[in-house]
Amino acid sequence: MGIAIVAVVIVLYIFAGFYTDYLWYDSVGFSSVFSTMLITQILLFVVGAALMVGIVGGNMALAFRVRPMFGPGMFGNAQGADRYRLAIDPHRKIIFLIGMAVLALFAGSSTSGQWKTWIEFANATPVGKVDAEFGIDLSFFMFTFPFLRMVLNFLFIAVVLSAIAAALVHYLYGGFRIQTPGGVHASRGARAHLSVLLGVFVLLKAVAYWLDRFGLVFSDRGKVFGASFTDVNAVLPAKTILAFIALICAALFFAGVVRSGGMLPGVALGLLVLSAVLIGGVYPALVEQFQVKPNQQAKERDYIDRNIKATRAAYGVDNATVTQYGAETEAKPEVLQRESSQIPGLRLLDPTVLSPTYQQLQQIRGYYQFPEQLDIDRYKNPATGKIQDTVVAVREMGAPPSAQSNWINDHLVYTHGFGFVAAPGSAVDGSGVPSFNEKDIPPTQALGKYEPRIYFGENSPDYSIVGGPQGSNPVELDYPEQSTSGQKNNTYAGNGGVPIGGIFTRFLYALKYGETNLLLNSSINADSKIMYIRKPIERIQAVAPFLTLDRDPYPAIVDGRIKWIVDAYTTSDAYPYSEPHSLESLTTDVTSSLQPGVPQVPRDNINYIRNSVKATVDAYDGTVTLYAWDDTDPVLKTWQKAFGTIVKPASDISPELREHLRYPADLFKAQREILTQYHVTNPDSFFGGQDFWKVPEDPATKKSKQPPYYVTMKMPGVAQEKFSLTTTFVPNNRQNMAAFMAVDATADAKNAKLEILQLPSTTTIQGPPQAQNTFLTDPTVSAQLNILRGSGGATDVIFGNLLTLPFGGGLLYVEPVYIQPKDEAAGRFPTLQKVLVLYGQRVGFGDDLETALKQVFGESGTTQPTDQNEGQTQPTQNEQAETPTQQATVATALGKAQKAYEDAQAALAANPPNWQAYGTAQAALKAALDELAAAQGAAANPSPSPSPSPTPAASGSATPTPTPTPSTPPQAP
């Protein structure tokens, strides 16, 4: 009775899981996905279980059938077998059935777990390209080869298990007997049976040898991934020979059925092992050692070329254009003036820094929250009417106050977030906080009217019960307001969620969540719905399990709704010759630590990727929509054959949604990692690897790789600015700039090309880490940063994203500087206070971007003079009105600064540089600047000041090399 109750409970839980899954898929309109997956997995489970039980169980039954007619006790030394047989024989049927059931469970589960492999095989779509070695369409390697390997592995396991099980049965029932002396004796039936099984095993080995020939395109033996010289010229013929030898050996094993004795099986086994060692192992090793290694560059040239072409095609970087870029440090004044006039609209707000600012200024109530990393999108500025970079976020529901946390509040009251928050990326108010153009509750709707409620988001509750009949008392907290109750309530009226009004459905969900309140709570009525699987990534992954999703969903106001936009990829690990990488490692940078526990990034290797699908999730009703962004992708076509029309054509994308689509960040990260090596297309140069690059570390945090940045900019030779995704490269063993890469990130450039500006290998243009070092070692910057830190370091200085822009034939660095109180109890948040600019060796540090640019290029676009007798600052009216005492104080402070500057230059000029003296001089310079600031009654540096900026040494150098200052030494007014 107890066993029956346990069985019923288990069945109920299993049924509850399956049925509630069906209800969820039906509620989102993807029931075909659920049925296709379920039917495929059930069929594979049944086929796998039946085949394994049929093969293993059949051989066990055959072994029992051919057992000797005499009992094992007739032989003098079979007492051990007798004991086992006497113990097992009375229960052999139940033991057999239990054993087959366990075997069926494991075999069926393993086979059903390979449902994706089966679907790709059954729906394989030709790629239209052939591999370089066999001339076979790539679809064979991507879709067919993995399935054939799966089948072969299944049969190997079945035959091995059959041989073991049959041998045990033969032993128990006298087919094998151990005699002393005389050794092992076998009956004719046992010998014939095992000879056939061994023959089948060797026959499968022959098939495996033949199939392994095609698997050489995935070899990692050579310099690069894919078939190498040794693979093609030694391993390939060896596999062919071994396949024929295995066929001969299989025939010898089969001959053992009719010929008594162990000579033929012994000969077959010896021949197989010897040939495998000599032909399959020793011969390729000799070729590798004595032909390839002494001449590896020449021998591997053609195979490296195959790898380069395949890798570039598989990762979609074969259309990348490389332009040689001189990166001048000086430019014509008219060029600088023309280009600098377009820079002040550059995005300064850093989405990785500003989350606390949004939280403090737009949280409204403590139960709302913003993500740790905000997003970049494009919106029309209501004030100017121009499209501009905008930092966006949604105000999601976090959790009830801890004192009010209970099941009703957690799941029936605090159900949704409210509102969209946006700020132009280049605008702050006088205190350094973003100038929000979409904000508050109720929202201003400056970006257009939209439904503000967020029921589906990145931080939504696990599940919520919503809805009710019209006219019923609202239960859900909608938003706070100035009223007697202090809040406005709401009843959900959308189409999202699974109806949960029926008692049977409530019972199943109570089982699913282990929560009796789902059955007993009186607020749940006939019109109630339950919402779960609410995170955009989880919803899309559930309805499209064949897709790999970008880790950064971003919200947008589209057609009157807030919609989450997610880039989705089709991937493969079976593209011939293409270099495999872990997708997680390819896409990890300093921003990844802000998104822990992201489930969609796989931990296995890929060597093919396409941004084939754009997906959206409606934040109000959870509607998932998939669009075929790359309808030429063979992987997407294969899955579309299996799942029908769940992916809509790109022509269905509305114009408003298209405005917010962008080039995906994770794809760009993967492509830039590939291009650190595969920008080199000459096999000989690739073999040497002298021109390989790397992604620099993030100069602000020094924790990981610098992330790519979305920013509106223009490439050299292009008249119009474009919303772009950018990154930088440095050489493998140095920190100076090697290249700059950008791609048009707008949806208008559906097949956008990666554009690389490659600097000469002998360039000394500073890379991002060196640029950061130049900022920090500039005396004026250092002095003012100390002022920003306040007395006793009460304020933290936070450096934002260091943007790199092609500018005036060179490279311009722009970095925002934020301050934030150290006292966490003060409701602290970062505010933008300063902007750093670097062009060549000229540093600007202003209250805003325009001021910093003027410091570098001058009012009219001309550069600051470097001669000490030029460009003197003229006294202003206020300075002329100073008293003699004030003038003397200023002159004294400037004299001290001049002396400190000269001491610093002398310390740098020493051989080797005297860094201790240089540090002392820098301290004296700071003190003089502070004295000067105090004398003039302002914190800012009032006149041009020395800016010795020692450039850090290249990696591996003993000491850094000083760089001449472009600034004018201080002069008395």
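Just above sits the structure.
Reading guide: rules and limits
Residues numbered from 1 in each chain as written. Predicted model: local features only at pLDDT ≥ 70, side-chain atom pairs only at ≥ 80, totals over all residues. Heavy atoms only, no water. Helix = DSSP H or I, 4+ residues; strand = E, 2+ residues; numbered from the N terminus. Buried < 20%, exposed > 50% of the residue type's maximum accessible area, 1.4 Å probe, protein only. Salt bridge = Lys/Arg side-chain N within 4 Å of Asp/Glu carboxyl O. Pairing = 2+ DSSP bridges. Axes fitted to C-alpha atoms, helices over the stretch in contact; angles between N-to-C directions. Contact = heavy atoms within 4.5 Å.

Our next topic: the environment of D302. With respect to the secondary-structure elements, D302 resides in helix α10 (residues 296-314). By relative accessible area, which is 53% here, D302 ends up exposed. In the structure, D302 is positioned 382 residues away from D684 in sequence and 9.8 Å away in space, judged by C-alpha atoms.

Right, let's get into the pattern of salt bridges. As enumerated under the stated definition, the model contains 23 salt bridges in all. A salt bridge links D21 to K512, with the nearest nitrogen and oxygen atoms 3.9 Å apart. Of this pair, D21 sits in helix α1 (residues 2-27) while K512 sits in helix α14 (residues 503-513); the two residues are 491 residues apart in sequence, bridging distant segments of the chain. When its relative accessible area of 33% is taken as the criterion, K512 is described as partly exposed.

Each strand in a sheet pairs with its neighbour through backbone hydrogen bonds, running either in the same direction (parallel) or in the opposite one (antiparallel). With respect to topology, 3 strands assemble into an open sheet ordered β5-β6-β9, the strand pairing being antiparallel. Looking at the sheet topology across the chains shown, the edges are occupied by β5 (375-380) and β9 (420-424). Across the sheet, the axes of successive neighbouring strands diverge by a mean angle of 45°, strand direction being ignored. Pairing geometry for β5 and strand β6 (residues 387-394), over 6 bridges, is antiparallel. Residue D375 lies in a different strand from β6, and its bridge partner there is V392. Its contacts with the sheet put helix α12 (residues 355-362) on β6 and β9, and the angle it makes with β9 is roughly 120°.

Before going further, it helps to examine the pairing of strand β13 (residues 487-490). Pairing of strand β12 (residues 476-480) with β13, which is carried by 4 bridges, proceeds in the antiparallel orientation. Each residue of the ladder has a partner; that of Y479, found in β13, is K488.

On to the side chain of Q362. Looking at the element boundaries, Q362 is found in helix α12. Here Q362 falls in the buried class, since its relative accessible area comes to 3%.

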